[in-house]
Amino acid sequence: MKRFIVFVIAVISSFSTAVLAQTTDKGTITEKIKVAGNCGMCKQRIENAAYGKGVKHAEWDKATGMLTVTYRTDKTSGTDILKRIASVGHDADELHADSAAYQKLPACCAYKTNPNRH
């Protein structure tokens, strides 16, 4: 019986923790954005560009090409984030990179002409 009570308490406490972990701040949204890139330098450039006023978290996954970004909707928008990323030379969702910025990328980061992820 004692083990049963300990088990029930453990289940209840883990459930309440899971509910708290899913709660987000009002006005905060997390989105996934497809961003073209090849390497660790791309990752750093993409994440730095994504960060701006209102952005709480930005992480680009090289393997999937997905940027997960969490931001406050009263401070910035998804469109603003896309524009910042495109301005440093990376295609972001439907927004194409600024051509002058793309030309300045190192050879290993030129994802259009060097599609090898490394």
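Residues numbered from 1 in each chain as written. Predicted model: local features only at pLDDT ≥ 70, side-chain atom pairs only at ≥ 80, totals over all residues. Heavy atoms only, no water.

Peer 1: Give a description of the overall build of the protein that names residues and reports values.
Peer 2: Assigned secondary structure in the protein consists of 4 helices and 3 strands. Sequence-ordered secondary structure for the protein, helices as α and strands as β, is α-β-α-β-β-α-α. Relative to its full complement of 118 residues, the protein shows a buried share of 33%. Partitioning the intrachain contacts of the protein with sequence separation of at least 6 by distance along the chain shows that 52% fall at a separation of at least 24. Carbon and sulfur atoms make up 60% of the accessible area of the protein, which totals about 7600 Å². (Helix = DSSP H or I, 4+ residues; strand = E, 2+ residues; numbered from the N terminus. Buried < 20%, exposed > 50% of the residue type's maximum accessible area, 1.4 Å probe, protein only. Contact = heavy atoms within 4.5 Å. Areas by Shrake-Rupley, 256 points an atom, 1.4 Å probe, with all protein chains shown as cover.)

Peer 1: Residue-level account of the pairing of strand E2 (residues 55–61), with values.
Peer 2: Of the pairings in the sheet, the one linking E2 to strand E3 (residues 66–72) comprises 6 bridges and is antiparallel in character. Its bridge partner lying in E3, Ala58 is registered against Val69. Between the antiparallel neighbours E2 and E3 lie 4 residues, among them Gly65 with a positive phi of about 75°. (Pairing = 2+ DSSP bridges.)

Peer 1: Residues and numbers for the sheet that holds E2, please.
Peer 2: Ordered in space as E1-E3-E2, the 3 strands form an open sheet in which the pairing is antiparallel. Strands with a single pairing partner mark the edges of an open sheet, and in this sheet they are strand E1 (28–34) and E2. Neighbour-to-neighbour, the strand axes of this sheet turn through a mean angle of 15°, independent of strand direction. Sheet contacts for helix H2 (residues 40–50): E2 and E3; angle to E2, the most-contacted strand, approximately 155°. On top of the sheet, helix H3 (residues 78–87) reaches E1, E2 and E3; it is set at about 130° to E3, its chief contact. (Axes fitted to C-alpha atoms, helices over the stretch in contact; angles between N-to-C directions.)

Peer 1: Lay out the packing of aromatic side chains in plain terms, naming residues and giving numbers.
Peer 2: Counted by the stated rule, this structure contains 1 aromatic pair. Ring centres of Tyr102 and Tyr111 lie 5.1 Å apart, and the angle between their planes is 75°; on these two criteria the pair is classed as edge-to-face. Grouping residues by exposure puts Tyr102 and Tyr111 together as buried. (Phe/Tyr/Trp six-rings, centres within 6.5 Å; stacked < 30°, edge-to-face > 60°.)

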